[in-house]
Structure formats: structure tokens, C-alpha cells
Amino acid sequence: MKFVVEMEGVHKTFVYGWPRKRKNHALRGVDLAVPEGVFWGILGPNGAGKTTLLSILANLITAERGMVRVLGEDIRSRAKAIRPRINLSSGHANFPWSMTVQENLQYYAMLYGLSGKRRNQRVEELIDLFDLQDFARVPFDGLSTGTKQRLSLAKSLINNPELLFLDEPTVGLDPDIANRVRESILSIHKEKGTTILMTTHNMKEAETLCQNIVFIKEGMVKAFGVPQDLKEELRLGDRITLLFDGTVSSPLPDDMDGLYSFEKGNGYHRIIVDDHRKRLPQILDIFVRGGVQIRNLSIQEADLEDVFITLAR
Amino acid sequence: MSLSPLQGEITKITAFAFKNWIMTRRNIFTFFEIIFWPVVGFLSVGLLAEFTQLQPEMRAFILLGVIAMGAVQVCQLDVCYALLYDVWSKAVKHGFIAPVGIMHMLLGSLLMGIMRGTAVFLMLMAASYFLFDFNFMVPGATATFLFAFGLFLNGAMVGMLVCILVLVFGNRAEVAAWSLVSLMLLVCGIYYPISILPRWIMFTAELIPLTYFLEYFRQFYGFETTFHHPLARGYLMVFGYLFLEVLLLKAARGRAKRKGTLLKLSE
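So, here is what we can say about the structure in this document.

Calculation criteria
- Residues numbered from 1 in each chain as written.
- Chains lettered and ligands numbered in written order.
- Predicted model: local features only at pLDDT ≥ 70, side-chain atom pairs only at ≥ 80, totals over all residues.
- Helix = DSSP H or I, 4+ residues; strand = E, 2+ residues; numbered from the N terminus.
- Buried ≥ 20, exposed ≤ 12 C-beta atoms within 10 Å, placed from the backbone.
- Contact = placed C-beta atoms within 7 Å.
- Nonpolar A, V, L, I, M, F, W, Y, C, P; charged D, E, K, R; others polar.
- Expected span 1.5 Å × (residues − 1).
- Axes fitted to C-alpha atoms, helices over the stretch in contact; angles between N-to-C directions.
- Parallel < 35°, antiparallel > 145°, perpendicular 65-115°, else oblique.
- Left-handed = near helix turned anticlockwise from the far one by under 90°.
- Pairing = 2+ DSSP bridges.

### Notes on the overall build of chain A
Consideration 1: When helices and strands are tallied, chain A shows ten helices and 14 strands.
Consideration 2: Across its three principal directions, the C-alpha atoms of chain A cover 80 × 50 × 45 Å.
Consideration 3: Per-residue burial for chain A yields a buried fraction of 42% across its 313 residues.
Consideration 4: In chain A, 69% of the contacts between residues at least 6 apart in sequence involve partners at least 24 apart.

Written as C-alpha cells, this is what we have:
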């Protein structure tokens, strides 16, 4: 398997303050290997080190210890070879304020060495792809937050990057615009096969877009895997709530397959199982056989937000 | 080398000139930089010279200094704007993730600085001729060109120093974009010969190439030079400083990556 990102024992400490120096250990020995062509999410609470991690990979910050290889090249000694092949888009997009959408794209295309017809063609393609035709001649200052974000994504594709870093790409956007941005991101990944690493605080977004999740806390990778595996690993199953009249003794055997936990209350039982689709018929059967008259039943599936809350605690 | 990589390098250089050009066109404060401040400064000094009934050679001395200063100031602003526009728009990280180097930035912004500096230089030359009867072309076209180019390189030198300071100290250091030139005004003999300065300030003046370019051009108006071969000294010194600054700017960029300044400048 070909890896586009390889990190081993990566540490980063920021020293600040004067005259008294203070230290912030942003990363404490991160190991990570990202295969080619995947779309991975980097999650974690505020200050966990997500942006530091992306910035090290984008060569905007240098790690003080550890090995970092991007697209098979050492980030320190081969940065020149890496930079034409990567790009970055971040939330709260900012670009030179007086330049229009078209001029901004032209400028960044020039920074990547695109000239003449090739540049104009690429800029037009991106303006079309992100539906920016109506704003092509509007200065950056005059754009709405959503349009600024679309420009940021368009800019990040100016060089057809093999590896794309997205730092909270939908932060501050209304749900409709955020959805459109997500669709654009997904189509970039599917159509171009671009490897994407994305940080986000939006769990639904991570669950919808990302194949794998890397959970970072206090500068360390705390969990890693597909969302379903993480839920199972943390025993965050589906929650089944049964309501009935009166009190009944628990008819569920303690050693029932897939049972994570069981809570008995006055007029209700709350049962957490690995997969409600597999376990519900058996549970209902046991209750009905026990003569319990079920008044109501509700099911709540565990989602990535539960994973996040559990890991962040 | 095939045409394509070379074309790519030229495109990267012109990107910085393109950005400065667009920002110049769209921002009112650049009007003040190109026309208002240089013209106001020039007229004030010119009128003062008229009022005090200075001898023609003294008037030449002062007008020459003020025109040179205007050209240096405009050019240095363009060079430091290559970074400052990104700092002000919080887009620093987008520039630094792109495959461009210090030389692309320096050459591209200097290109624009030379254009704007030439505009100011020519405008003030014409104004000095029509308003104060001072002929700037006495030394001839070659000497004027060598003098003007030297001024632009001085501008690049100051602009680079501002960029270094911003990368090291963050946006608090942007004040250097306006204050460093004022310091040169005091030290380099813009309005007076450096020979009247205290010894230690004179020593500082000797370390600044602008001093030599002014000496070189003023000799055509009958002023004795303090130094031998001022033009050669000026060029040697300015190229030496520029080379040193490229290295320092690379080091400052490395430090900014270690300290996280590039991200802070983008927040």
C-alpha cells in the first residue's frame, strides 16, 4: 500500500511569553500513516493539536522531533518538491481584500507557475465548478461567508493537488451552504481521487464524508478507525428504550449476546446493545414472553458525536 | 532548460507584481503614497528653499535629496507590501504553502516598486524643473539611470528588512515599513552633508548605501565627495546587503515555521 502521509513520533512544542517562557505541547508523539486516495477526518476537542498536525503536513510549521514524510518525500529536506503537489483550504477564508474572485484565482495560479491559456482555462474551470460565475468580478471583501469559502476551496484545487488539507471547511456556514460545500468536497474526492485530510467539529460532516477517523486529544492520537468500529470499541451501542405501565422485573439475561448495559426504572427499561437491528427481535420476544405490555418503544443509534463526547472526556 | 520551467519561474515572479498592481489600483492609500506624500514633501522643501533664497547649488542639494527619498520610500513600500498585504488580509499561509521562494517575492515586488518609484521619480523631476528651475538631467541619462536604479535597490533593501522583522516579531513590526525610511532621512544626508553629523552617526551613515548614491549624484552639481568611488561602493554595499537579507529572510521564515508565526499571522 502506498502512503501519502507517514508520521512517526512527531512532537511539537510552542514556546511563548516573555520574560517568563511558557510551553504548549501541541503534539506529543503522533504516529500516522495515511494511504493514497482516502478521505480521512481528524477530530478532537479545541486545542487538541488538529490544526498543528495539518500545518506540519502542509509545511507551515516544523516539527521539533519525529519523522514526517509527505507524498513519499521528507518534509524538511524536500519541501520544494512537495509544495507543488499539495494545497490547503481552511474555514474563515481570507484572501487579499481588494482582489476579485477571478483575480485571486489568477494570482494563486501564478504562484503555482500556471501561465497564459492554461491558467485562464484552469481559473474558468474552477469558477464553473464552484458556481462562482456571478461573483467572478466581485472583490473578496464584498463576498458572503459561503462564497468566500467556495473561493477558498477553488483556490485549494488550483494546482490539482494530490493531497488536500481541509481545516474546518464548513465552519460558520449556514446548513444549506455547508451542505453544498460538502457535496463539492465529496465530488472532488470521488472524481479526482484526491487524498483528503480534514479537520472538523461537525460530527455529522465527519460521519458523512470520512472513511476513517483519527481522534486527537492533548496532542496524541487517542483513537483511530472507521466510525462504526470506534462505536463498537467504545461500546457505544444503540439505545433501546421500552416504556410500559407499572414496574416489572428484568427478564433480560445478563449474558445476552450484544448487550452492553441495562438500566431499569419506574415504567421504563433502557437497554444498550451493539446493533439494534440484530438484537431487537430477541429483546421483544423476551419481554412479550414475560407478559410485559409495552406502551412505547424508541431507538437511538449511537453516532460519531457520542464517540467524540466519550473520547473527549 | 526547457522554456516551460523558465516560464513557470517568470510567472511566479510576476504573480507578486500582479498582486501589488491590483491592490495599488484599488486602494486609496496608495494614491497618497505615490502622489500626495512625495509631492507635499517635495513642494514644502522646494518652497522653503525659495523662501530662504538658497544658492542654486544648495537648492540642488536639497531637491535632489528629497526626490531620492520619495523614490526610495515608494519602492520599499512595494517590496514590504508583498508580505504585508498577506498579513493584513490574513492570507499568509496561502502564500507560504505555494511553491514560491524568497527570490520570486523579492523580484516580483521590486518590479512593481521600480515601476511606481520611476513614476514618482519622473514626476518630481518634472516638477523640480518647472516649479523650481532645477535641472535633474545635468549628470546625463546614464548617471541618472545608475542613480535611480541604486535608489530602487536601496528601497528593496529596506523593504526586505521590514519583511524580516514582520516574520520575526509578527505584525507589531509593520510600523518599520514607515519608520525605517525616516531613520535614513536623518542619517544618510538627505538635507545636509553627512560631514556635519557627529562621528558616530556619520559612521552609521557610512554603513547605508543610500549615502554613497547621493554623494555620487551630487558630485555632478559641484559637491565634493567624502568617499572615493561612491557609485561602486554604493552598488557593492547594496548587493551585499540584499544577498545577506535573502539569507536572513530564509532564516526568518524557518524561525516563523518553528515558532508558529505563519499561522498566527493568518489568524
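### Quick word on the interface of chain A and chain B
A common way to state how big an interface is: give the accessible area lost once the parts meet.
Consideration 1: On the chain B side, the residues contacting the 28 residues of chain A number 29 residues.
Consideration 2: With five residues, helix 3 (residues 101-111) of chain A is the single largest residue contributor to the side of chain A that touches chain B.
Consideration 3: When grouped by side-chain class, the residues that make up the side of chain A that touches chain B number 16 nonpolar, eight polar and four charged.

### Concerning helix 5 (residues 102-132) of chain B
Consideration 1: The terminal C-alpha atoms of helix 5 of chain B, which comprises 31 residues, lie 42 Å apart, in line with the 45 Å expected from a rise of 1.5 Å per residue.
Consideration 2: Looking at the residues trailing helix 5 of chain B, positive phi occurs at B:Asp133, about 55°.

### A closer look at the packing of helix 6 (residues 141-169) of chain B against helix 7 (residues 176-187) of chain B
Residues and elements named next belong to chain B.
Consideration 1: At a closest axis distance of 9 Å, the pairing of helix 6 and helix 7 adopts a crossing angle of 135°. Here helix 7 runs oblique to helix 6, going by the angle between their axes. By crossing handedness, the relation of helix 6 to helix 7 is classed as right-handed. Here Val158, Leu161, Val162 and Leu165 of helix 6 come into contact with helix 7, specifically with Ala176, Ala177, Leu180 and Val181.

### Focus: the sheet that holds strand 5 (residues 73-74) of chain A
Residue and element names in this part refer to chain A.
Consideration 1: Ordered by their spatial adjacency, four strands build an open sheet running 2-1-4-5, and the pairing between neighbours is antiparallel. Looking along the sheet, the strands with just one partner apiece sit at the ends: strand 2 (22-35) and strand 5.
Consideration 2: Pairing analysis gives two bridges linking strand 4 (residues 65-70) to strand 5, with the strands arranged antiparallel. Along strand 5, the bridge assignment pairs Arg69 with Asp74.

Geometry only, nothing functional implied.
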